[in-house]
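The chain contents come next:
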Amino acid sequence: MGVMVLENYSVFPDSTTNLPFAFELLFHDEPEKRHIFTTRTEDDMAHWVKMLQNSSYQHWRDQYDDLISKLNSIYDQKHKEASFMIKNLSKNRIQSTTFIPSRWPVTSNNSKVKPTVSEEDLIKF
């Protein structure tokens, strides 16, 4: 009995042995060591491989990076829309307006503050 710390590893179906429904766990810092596991069915093997792949730090890091990229894309689009609206507002000589960005500045007590933009700031923009 023992424990394997699942960090910095790859897991995939094993095709190098004659064992039925086998999969291999390979640690990147010890590539010479192969850990081969077998299951009773192909579905069980596929399930284990998928669960182990989805449990890795790298998988969750990739998920995080993907979500950050999507959020930044949304922010960039909203920022472009807000910039266009502000430029149009400045042409109409509006006294002042509330600028609504996608990301609010946060104060020390974590309450959101809506910044106000003056007409001069709009014209500079």
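See above for the structure.
My aim in this report is to walk through the structure given alongside it, one point at a time. Just so it is clear, the model here is predicted, and its values are computed rather than measured. (Residues numbered from 1 in each chain as written. Predicted model: local features only at pLDDT ≥ 70, side-chain atom pairs only at ≥ 80, totals over all residues. Heavy atoms only, no water.)

## Brief notes about the overall build of the protein
- Each helix and strand counted, the protein has 3 helices and 5 strands in total.
- Traced from its N-terminal end to its C-terminal end, the protein shows the element sequence β-β-β-α-α-β-β-α.
- Out of the 125 residues belonging to the protein, those deemed buried represent 18%.
- Sequence separation of 24 or more characterises 27% of the internal contacts of the protein that already satisfy a separation of 6 or more.
- Summing over all exposed atoms, the protein offers an accessible surface of approximately 10,000 Å²; the carbon and sulfur share of this is 54%. (Helix = DSSP H or I, 4+ residues; strand = E, 2+ residues; numbered from the N terminus. Buried < 20%, exposed > 50% of the residue type's maximum accessible area, 1.4 Å probe, protein only. Contact = heavy atoms within 4.5 Å. Areas by Shrake-Rupley, 256 points an atom, 1.4 Å probe, with all protein chains shown as cover.)

## Re the environment of Asn54
- Tracing the sequence through the fold places Asn54 in helix 1 (residues 42–54).
- Excluding anything up to four places from it in sequence, Asn54 contacts His59 and Trp60.

## Section: a nonpolar patch on the surface
- Taken together, the side chains of Tyr64, Ile68, Leu71 and Ile74 present a nonpolar region at the surface, about 390 Å² in accessible area.
- When you line up the elements, Leu71 lands in helix 2 (residues 57–91). (Patch = residues over 30% accessible without salt bridge, like charges linked within 9 Å, V, L, I, M, F, W, Y side chains within 5 Å. Salt bridge = Lys/Arg side-chain N within 4 Å of Asp/Glu carboxyl O.)

## Structural notes on the nonpolar core
- Judged by nonpolar contacts, Tyr9, Val11, Phe23, Leu25, Phe27, Met45, Val49 and Leu52 together constitute the single largest core of 8 residues.
- Only strand 1 (9–13), strand 2 (22–27) and helix 1 provide two or more residues apiece to this core.
- Among all residues touching Phe23, those that are not within four sequence positions of it are Val11, Phe12, Pro13, Asp14, His35, Ile36, Phe37, Thr39, Met45, Trp48, Val49 and Leu52. (Core = buried A, V, L, I, M, F, W, Y, C linked by side-chain atoms within 4.5 Å.)

## Things to note about the pattern of salt bridges
- Going through the model one piece at a time under the given rule, you end up with 5 salt bridges.
- Here Asp14 makes a salt bridge to Arg34, at a shortest N to O gap of 3.1 Å. Separated by 20 residues along the polypeptide, Asp14 in the loop between strand 1 and strand 2 and Arg34 in strand 3 (residues 34–38) bring together distant segments of the chain.
- Taking the shortest distance from any N to any O, the salt bridge between Lys70 and Asp66 comes out at 3.4 Å. Highlighted residues: Lys70 and Asp66, both in helix 2, separated by 4 residues, approximately one helical turn.

## Notes on the sheet that holds strand 3
- The strand order across the open sheet formed by 3 strands is 1-2-3, and the pairing between neighbours is antiparallel. A strand with exactly one partner marks an edge of an open sheet, and here the two such strands are strand 1 and strand 3. This sheet shows a mean twist of 20° between the axes of neighbouring strands, independent of strand direction.
- In terms of strand pairing, strand 1 meets strand 2 through 5 bridges, oriented antiparallel. Directly across from Val11, in strand 2, lies its bridge partner Leu25.
- Sheet contacts for helix 1: strand 1 and strand 2; angle to strand 1, the most-contacted strand, approximately 160°. (Pairing = 2+ DSSP bridges. Axes fitted to C-alpha atoms, helices over the stretch in contact; angles between N-to-C directions.)

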